[in-house]
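Residues per chain are reported as follows:
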Amino acid sequence: MSDITAGLETLDFSYSTGRPAGSFAPILVGVVGSGNLEVLLEAVAGTGCAVRVETSARGFGPIWQAVVDDFHARHPLAGVRISINDMGATPAVVSLRLDQAVAELPKTPRATT
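This text gives an overview of the structure that appears in the document. A quick note: this is a predicted structure, and the numbers were derived from the prediction, not measured.

**Details of the pattern of salt bridges**
When the charged atoms of two side chains with opposite charge come close together, those side chains can pair. Per the counting criterion, the structure on display carries four salt bridges. Of the charged contacts, one joins D12 and R52 as a salt bridge, the two residues approaching to 2.7 Å between their closest N and O atoms. Residue D12 is found in strand β1 (residues 9-15), and its partner R52 is found in strand β5 (residues 49-55); the two are separated by 40 residues along the sequence. D99 is paired through a salt bridge with R74; the nearest N and O atoms lie 2.7 Å apart.

**Concerning the sheet that holds strand β4 (residues 37-43)**
Spatially, the five strands line up as an open sheet ordered β1-β5-β7-β4-β3, and their pairing is mixed. At either end of the open sheet lies a strand with only one pairing partner, and these are β1 and β3 (27-30). Going across the sheet, the axis of each strand differs from the next one's by a mean of 15°, ignoring polarity. Of the pairings in the sheet, the one linking β3 to β4 comprises four bridges and is antiparallel in character. When the bridges of β4 are listed, L28 appears paired with L40.

**Observations regarding the packing of helix α1 (residues 61-74) against helix α2 (residues 91-103)**
As a packed pair, α1 and α2 sit with axes 10 Å apart at the nearest point and diverge in direction by 30°. Judged by the inter-axis angle, α1 sits roughly parallel to α2. Considering the relative orientation of α1 and α2, their crossing is right-handed. Here α1 contributes I63, W64, V67, F71 and R74 to the contact with α2, which in turn contributes P91, V94, S95, L98, D99 and V102. The class makeup of the residues in the contact of α1 with α2 is eight nonpolar, one polar and two charged.

Rules behind the numbers
- Sequence order as written defines the numbering, with residues in each chain counted from 1.
- Only residues with pLDDT of at least 70 get local features here, since the model is predicted, and only at 80 or more are side-chain atom pairs given and counted; chain-wide, interface and lining totals rely on the full set of residues.
- Values reported for side chains reflect all heavy atoms of the structure, with hydrogen atoms and water molecules removed beforehand.
- The working definition used for a salt bridge is a side-chain nitrogen of Lys or Arg within 4 Å of a carboxyl oxygen of Asp or Glu.
- Per the convention used, a helix needs a DSSP run of H or I reaching at least four residues, while a strand needs a run of E reaching at least two, with both numbered from the N terminus.
- What makes two strands pair is DSSP finding at least two bridges between them.
- Axis angles are defined between N-to-C directions and span 0 to 180 degrees, where every axis is a line fitted to C-alpha atoms and, for a helix, only to the segment in contact.
- Under this scheme an angle from 65 to 115 degrees is roughly perpendicular, one under 35 degrees roughly parallel, and one over 145 degrees roughly antiparallel; angles in between are oblique.
- When the near helix sits turned anticlockwise from the far one by under a right angle, the crossing is termed left-handed; a clockwise turn instead gives a right-handed crossing.
- Only heavy atoms enter the contact rule, under which two residues are in contact if any of them lie within 4.5 Å.
- When residues are sorted by character, Ala, Val, Leu, Ile, Met, Phe, Trp, Tyr, Cys and Pro go into the nonpolar class, Asp, Glu, Lys and Arg into the charged class, and all the rest, Gly among them, into the polar class.

The following block contains the structure:
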């Protein structure tokens, strides 16, 4: 028997520094399904970046931490909330979806109102 309980696991990560993303319409990439995930980027007030992961693959917190840390090192965003809904995607797919979402951001940040 495993010590890991069944059901979704929620992981929260936050970063206090980054480049302001400005205002933008919510961005959704990917599809939650067998072995895949979706990523939602939303503009929020503030100077930080919050990432919430809802995953069916319980017990992988350290791997998620490494993937999200790597993403934030490559794309140090501020004023952004990132929601990830995962159904067992590999770290490479997670990185791909995060990069796809960032590619959809407006090229010139607009001031938030």
